[in-house]
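A closer look at the structure
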Amino acid sequence: MRPDSADFDVLAQPVARPMLPVRVVLAAWFFLLLALLGAMSLGWNALALLFRPVLPARFARRIGRTAISDVYRGFWACARWSGLMRMDAESLDVLRTVPGGMLIAANHPSMLDAMMIVARLPRSACVMKGALRRNPFLGPGAVLAGYVANDATRTMIRDSVARLQEGCQLVVFPEGTRSPSPRRIHPFSRSIALIAHRAAVPIQAVVIETDSPYLAKGWPVWKIPPFPIVFRARLGERFDAAGDPEALSARMEDYFRRELRP
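Residues numbered from 1 in each chain as written. Predicted model: local features only at pLDDT ≥ 70, side-chain atom pairs only at ≥ 80, totals over all residues. Heavy atoms only, no water.

**Details of the overall build of the chain**
Short version of the rule: Secondary structure elements follow DSSP: runs of H or I no shorter than four residues count as helices, runs of E no shorter than two count as strands, and numbering proceeds from the N terminus. Radius of gyration here is computed from C-alpha atoms only, and the compact-globule reference equals 2.2 Å multiplied by the residue count raised to the power 0.38. Throughout, exposure labels follow a simple rule: accessible area from a 1.4 Å probe, protein chains only, divided by the maximum for the residue type, with under 20% read as buried, over 50% as exposed, and the rest as partly exposed. Here the open area of atoms and residues is found with the Shrake-Rupley method and a 1.4 Å probe, where only the protein chains shown may cover a residue. For this count, His and the chain ends are skipped, Lys and Arg are scored as positive, and Asp and Glu as negative. Note that the charge is assigned to NZ on lysines, CZ on arginines, CG on aspartates and CD on glutamates.
When helices and strands are counted, the chain shows nine helices and seven strands. Scaling as 2.2 N^0.38, a compact globule of 262 residues should have a C-alpha radius of gyration of about 18 Å, and the chain matches this with 18 Å. Taking the principal axes of the C-alpha coordinates as reference, the chain spans close to 55 × 50 × 30 Å. Buried positions account for 48% of the 262 residues belonging to the chain. For the chain, the accessible area works out to roughly 12,700 Å², and carbon and sulfur atoms hold 62% of it. Taken as two groups, the 34 positive and 21 negative side-chain charges of the chain have centres that lie 7 Å from each other.

**Examining the pattern of salt bridges**
Operational definition: Each reported salt bridge corresponds to a side-chain nitrogen of Lys or Arg within 4 Å of a carboxyl oxygen of Asp or Glu.
Applying the stated rule across the entire model yields 13 salt bridges. In this structure, Arg232 engages Glu209 in a salt bridge whose closest nitrogen and oxygen atoms are separated by 3.4 Å. Placement of the pair is Arg232 in strand S7 (residues 229–239) and Glu209 in strand S6 (residues 203–210), with a sequence separation of 23 residues. Taking the relative accessible area as the measure of exposure, Arg232 reaches 12% and is therefore buried. In this structure, the salt-bridge partner of Arg258 is Asp254, at a minimum N-O distance of 3.0 Å.

**Concerning a nonpolar patch on the surface**
Where we set the bar: In this scheme, patches are assembled from residues that exceed 30% relative accessible area and form no salt bridge. Like charges are connected within 9 Å, while nonpolar side chains (Val, Leu, Ile, Met, Phe, Trp, Tyr) are connected within 5 Å.
Judged by side-chain polarity, Val25, Trp29, Leu32 and Trp81 come together as a nonpolar surface patch covering roughly 470 Å² of accessible area. Ranked by residue count, the leading element in the nonpolar patch is helix H2 (residues 20–51), at three residues. Here Trp81 is to be found in helix H3 (residues 57–82). In this structure Trp81 comes out as exposed when scored by relative accessible area, which is 66%.

**Regarding helix H4 (residues 112–120)**
Burial runs high along H4: nine of the nine residues are buried. Restricting attention to buried positions, one finds in H4 the residues Leu112, Asp113, Ala114, Met115, Met116, Ile117, Val118, Ala119 and Arg120.

**As for the nonpolar core**
In summary, soluble globular proteins display a tendency toward joint burial of nonpolar side chains. To be explicit about the condition: Among buried residues, those of type Ala, Val, Leu, Ile, Met, Phe, Trp, Tyr and Cys that are joined through side-chain atoms within 4.5 Å constitute a nonpolar core.
By size, the foremost hydrophobic cluster in this structure holds 78 residues, and its most contacted members are Tyr72, Trp76, Leu103, Leu112, Tyr147, Leu170 and Ile229. Per-element tally for this core: the top contributor is H3, with eight residues.

Have a look at this one:
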């Protein structure tokens with residue numbers, strides 16, 4: 001049964017359009033936040049370039065994941081303080097104490113949701129697009145942390161299973177791309193259930209709710225959105241990966257469609 005969403009509805013109450021001088025100030029604050037995130041990301045990725053050749057691989061992955069989580073957690077703290085963003089993802093904190101590997105599957109309405117999940121889970125890594133893994137803002141740190149590129153399906157499955165068997169909490173978006181809208185999803189990739197089946201780990205559903213268009217499909221990073229930007233991540237069902245992966249993938253897709261139904 002879906003939980004009561006009254007708290008989220010309160011957070012997401014529309015805000016009256018401010019007067020022009022106020023909008024200019026809000027835009028300036030917003031771009032300052034983005035610049036801060038860029039500086040924090042570049043700073044850590046510069047350090048990651050130095051660490052990668054000298055640290056043992058498994059130790060490097062542990063350090064890399066914790067550092068990325070800390071960077072994003074610091075950014076969200078600044079974003080909340082600014083009043084421009086409201087993020088509610090504390091329900092994910094209980095996963096920190098869950099031992100062993102786990103697939104964390106979420107819908108993907110925005111590029112912000114991956115940052116929100118990783119910020120709460122210092123043992124997490126992501127399956128990400130190869131182009132993002134080669135991005136200078138993200139690439140060196142992602143490689144150090146053992147993030148998995150999705151360029152080739154067979155390699156992605158192999159690397160994902162290896163990370164899970166190390167005890168990683170692997171964040172995946174079964175749609176493979178951003179959702180068409182906050183309340184609609186693309187068909188799920190069957191490879192996600194196959195990864196969990198081969199690694200013999202559960203799949204934890206995380207449902208992302210938002211009314212913000214920011215960084216949705218086709219929304220550029222520099223375009224000013226309506227404020228405040230409100231996101232909520234809540235824990236959903238935990239799926240056992242035993243059995244037929246194709247049937248499991250279909251159950252997961254049906255579950256998310258029901259949870260996101262208006």
